[in-house]
Amino acid sequence: MRRTKNWFDEEVIKNGNKFELCLVGRFLTEKNLNIPAMKSKMVDIWRSTTRINIKILSPGLFLFQFYHNDDMQWMVNNGPRSFDGAILVTNTIPVGGNPTKIPLNEVDFWIQIYDLPSDFMSESIDKQLGNFFGTFLMYDSNNNASIWREYMRIKVKVDVRSPLKRRKKIGSKNRKECIVNCKYEKLADFCFVCGVLSHTERFCKKKIEGGTEGVTRKWGNWLRAPPRRGVAQGRSK
Ligand SMILES: [Zn+2]
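Residues numbered from 1 in each chain as written. Predicted model: local features only at pLDDT ≥ 70, side-chain atom pairs only at ≥ 80, totals over all residues. Heavy atoms only, no water.

Visitor: Even after reading the chapter, I still don't get the pairing of strand S8 (residues 151–159), so can you show me in this structure?
Guide: Consecutive side chains along a regular strand alternate between the two faces of the sheet. Here S8 lies mainly inside the structure; 7 of its 9 residues are buried. Here 9 bridges tie strand S6 (residues 106–114) to S8, and the two strands are oriented antiparallel to one another. If you follow tyrosine 114 over to S8, its bridge partner there is tyrosine 151. Across 4 bridges, strand S7 (residues 135–139) lies against S8 in antiparallel orientation. Bridge pairing links phenylalanine 136 to valine 156 in S8. (Buried < 20%, exposed > 50% of the residue type's maximum accessible area, 1.4 Å probe, protein only. Helix = DSSP H or I, 4+ residues; strand = E, 2+ residues; numbered from the N terminus. Pairing = 2+ DSSP bridges.)

Here it is in structure tokens:
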């Protein structure tokens, strides 16, 4: 068999889109990634039940190749993934798309909204809040099964170039304004000075320019949602 120059032609995918079962991704970090360790962690997530190939497209840019659509969807739906504190931003590749030119700026997060008055707990309010904290994707109706809930849980698409949103003031004609607070599930490292995911304080230009005395940290570890009780983290197959 004649081998083409492109490695991806050598493997699988007989139909029109050779990237149909692929995700392109980058890790938000300014550190040097330990690539073998990253690959082994990513493979480990599947507990060797699934095959996944990880290729380097260019420095810092990876192609995650799956063999089953279910596996790829599981990866998409159960993110975000991170390695060594750096969050992985992925995207699918459209037919004819160049994997090195795909925008990689958005991550889907499950967020938890705290301090929401119980009369505000509705799907339509969730949608509005979701569109404030990012772009609303879905609402976790299973989180609302009991009468008392500590928080509302929604999935949002977040632009990693913008500072993470922390809280929102809400109110209505008949009541006092109140502030709802947001926590992010599976939040990796981020900058407590700028609130962005793309770097940590160590590499923060604002901090370097401001010196040790001139910076205020408006973000912090409190933005991380605590692990959810009774929720299995791994994959059962
Ligand atoms: Zn910063």
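What follows picks up the thread again.
Visitor: Would you explain the pattern of salt bridges in this entry?
Guide: Any two side chains of opposite charge can pair, given that their charged atoms come close. Scanning the entire structure with this criterion turns up 7 salt bridges. Of the charged contacts in the structure, one is a salt bridge between aspartate 140 and arginine 153, with a shortest N-O distance of 2.8 Å. Within this pair, whereas aspartate 140 is found in the loop between S7 and S8, its partner arginine 153 is found in strand S8, the two being separated by 13 residues in sequence. Assessed through its relative accessible area of 9%, aspartate 140 is described here as buried. A salt bridge links arginine 217 to glutamate 201; the shortest N-O distance between them is 2.9 Å. Of this pair, arginine 217 sits in the segment after helix H4 (205–210) while glutamate 201 sits in the loop between strand S10 (175–184) and H4, and the two are 16 residues apart along the sequence. Residue classification places arginine 217 among the partly exposed positions, given a relative accessible area of 47%. On the basis of relative accessibility, which here comes to 16%, the residue glutamate 201 falls in the buried class. Taken together, the salt bridges that share partners define one network made up of Asp140, Arg153 and Glu185. (Salt bridge = Lys/Arg side-chain N within 4 Å of Asp/Glu carboxyl O.)

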